[in-house]
Amino acid sequence: MKEAVEIGRNPAAGPDLPDLMARVARGDQEAFASLYDAVAGPVLGLVRRVLRDPAQSEEVAQEVLVEVWRTAARYRPERGSVMNWVLTLTHQRAVDRIRSVEAGAAREHRAALLDRTPEFDEVAEEVETRLERERVRRCLRTLTELQRQSVTLAYYRGLTYREVAELLATPLGTVKTRLRDGLIRLRDCLGVTV
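One structure accompanies this document, and this report is about it. The shown structure was predicted, so the numbers you read here are calculated from the model rather than taken from an experiment. (Residues numbered from 1 in each chain as written. Predicted model: local features only at pLDDT ≥ 70, side-chain atom pairs only at ≥ 80, totals over all residues. Heavy atoms only, no water.)

## Considering the overall build of the protein
Under the convention used in this document: Starting at the N terminus, helices and strands are each numbered in turn, a helix being any DSSP run of H or I of at least four residues and a strand any DSSP run of E of at least two. Only C-alpha atoms enter the radius of gyration, while the globule expectation follows 2.2 Å times N to the 0.38, with N the number of residues. In this scheme, a residue with accessible area under 20% of its type's maximum is buried, one over 50% is exposed, and one in between is partly exposed, where area comes from a 1.4 Å probe on protein chains only. Contacts are assigned to residue pairs with any non-hydrogen atoms lying within 4.5 Å of each other. Computed with the Shrake-Rupley method and a 1.4 Å probe, the accessible areas treat only the protein chains shown as cover for residues. Asp and Glu are treated as the negative residues and Lys and Arg as the positive ones, with His and the ends of the chain left uncounted. Here the site of a charge means NZ on Lys, CZ on Arg, CG on Asp, or CD on Glu.
In terms of regular secondary structure, the protein is built from 8 helices and 0 strands. Here the C-alpha atoms of the protein give a radius of gyration of 41 Å, more than 25% beyond the 16 Å that 2.2 N^0.38 yields for 194 residues. With the principal axes as the frame, the protein shows a C-alpha extent of 130 × 35 × 25 Å. Taken over 194 residues, the protein has a buried fraction of 24%. Taking as baseline every contact in the protein between residues at least 6 positions apart, the subset at least 24 positions apart corresponds to 56%. On the protein, roughly 14,100 Å² of surface is accessible, and the fraction owed to carbon and sulfur atoms is 52%. Averaging the locations of the 31 positively and 30 negatively charged side chains of the protein gives two centres separated by 8 Å.

## Thoughts on helix H2 (residues 29–51)
Stated formally: The quantity called bend is, for any residue, the angle between two axes fitted respectively to the seven residues ending at it and the seven beginning at it. Distance and chemistry together define a polar contact, namely a pair of N or O atoms within 3.5 Å, with one atom able to donate a hydrogen and the other to accept it when in protein, and with adjacent residues in sequence counting only for side-chain atoms on both sides.
A maximum bend of about 45 degrees is found in H2 at Val39, where proline Pro42 lies one to four positions downstream. For H2, the full list of buried residues reads Ala31, Phe32, Leu35, Val39, Ala40, Val43, Leu46, Val47 and Leu51. Next to the buried residues of H2 lie helix H1 (17–25), helix H3 (54–71) and helix H4 (82–116). Of the residues that open H2, the one with a side-chain oxygen 3.0 Å from the backbone nitrogen of Glu30 is Asp28.

## Details of the nonpolar core
Short version of the rule: In these notes, a set of buried Ala, Val, Leu, Ile, Met, Phe, Trp, Tyr and Cys residues joined through side-chain atoms within 4.5 Å is what counts as a nonpolar core.
Judged by nonpolar contacts, the single largest core of 24 residues is most densely connected at Met21, Leu35, Val43, Val68, Val82, Trp85 and Val86. For this core, the secondary structure elements donating two or more residues are H1, H2, H3 and H4. Take this core: its biggest share by element is 8 residues, from H2. Residues Leu140, Leu153, Ala154 and Val164 belong to the second largest nonpolar core, which totals 11 residues.

## What to know about the pattern of salt bridges
Oppositely charged side chains may form a pair once their charged atoms are brought near each other. Stated formally: One side-chain nitrogen of Lys or Arg within 4 Å of one carboxyl oxygen of Asp or Glu is enough to make a salt bridge.
A full pass over the atoms with the stated rule returns 13 salt bridges. Its salt-bridge partner being Arg97, residue Glu59 comes within 3.0 Å of it at the nearest N-O pair. Of this pair, Glu59 sits in helix H3 while Arg97 sits in helix H4; the two residues are 38 residues apart in sequence, bridging distant segments of the chain. Given a relative accessible area of 40%, Glu59 falls into the partly exposed group. Across the pair Arg137 and Glu134 runs a salt bridge, and its minimum N-O distance is 3.9 Å. Highlighted residues: Arg137 and Glu134, both in helix H5 (residues 120–140), separated by 3 residues, approximately one helical turn. Overall, Glu134 belongs to the partly exposed group, its relative accessible area being 37%. What emerges from the salt-bridge pattern is a single network uniting Glu59, Glu63, Glu67, Arg93 and Arg97.

## Re the side chain of Ser57
Within the secondary structure, Ser57 is located in helix H3. Residue classification places Ser57 among the buried positions, given a relative accessible area of 0%. A polar contact is formed between the side chain of Ser57 and the backbone oxygen of Asp53, at a distance of 2.7 Å. Beyond its immediate stretch of four places on either side in the chain, Ser57 contacts Leu44, Val47, Arg48, Leu51 and Arg52.

## Considerations on the packing of aromatic side chains
Definition in use: Note on aromatic pairs: the rings of Phe, Tyr and Trp (six-membered ring only in Trp) are paired at centre separations within 6.5 Å, and the planes decide the class, stacked below 30 degrees, edge-to-face beyond 60, tilted for the rest.
Counted under the stated rule, the structure contains 3 aromatic pairs. Ring-pair connections join several aromatic residues into one group, and the members of that group are Phe32, Tyr36 and Trp69.

Structural measurements only, silent on function.
Set out below in structure tokens:
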């Protein structure tokens with residue numbers, strides 16, 4: 001004889017999730033292991049549908065299950081089933097992860113743009129340096145040839161007075177005088193006050 005089948009009832013009913021939650025809230029590790037077995041599959045499935053990244057999905061699922069362990073006392077049976085409560089936590093955590101990843105990517109993008117854009121001070125400093133160079137060049141053109149050569153060799157090439165004199169085949173005293181006169185004219189041209 002065939003056995004009667006009841007419609008609407010699951011013959012192999014799962015664990016009593018509200019009872020397990022109450023025990024988990026009291027710190028029962030065996031109850032948590034049973035609850036874990038009952039909800040881990042749906043949790044991971046929902047996270048994978050939201051994130052679409054297997055590695056991150058496993059990480060978020062683990063975070064959710066740790067949160068269930070830590071916050072089991074917050075579950076209120078009058079507000080919904082255990083599975084709905086766990087899946088709500090799961091969805092919130094998955095959406096938080098998406099927002100976090102997007103915010104991180106946006107932050108990195110902004111940082112990359114800032115790295116490529118010179119700061120205002122750098123631009124102003126570069127403009128000022130160019131203007132100063134042009135003023136010095138213009139003032140150097142007002143010197144005599146010997147003054148210009150002496151100043152250039154001494155201050156731009158770092159030669160000593162004696163080396164400048166040898167290079168220009170000019171007496172040392174003459175080079176010193178031309179350098180002094182040339183620097184005075186440069187100072188006056190550039191408007192430097194002592």
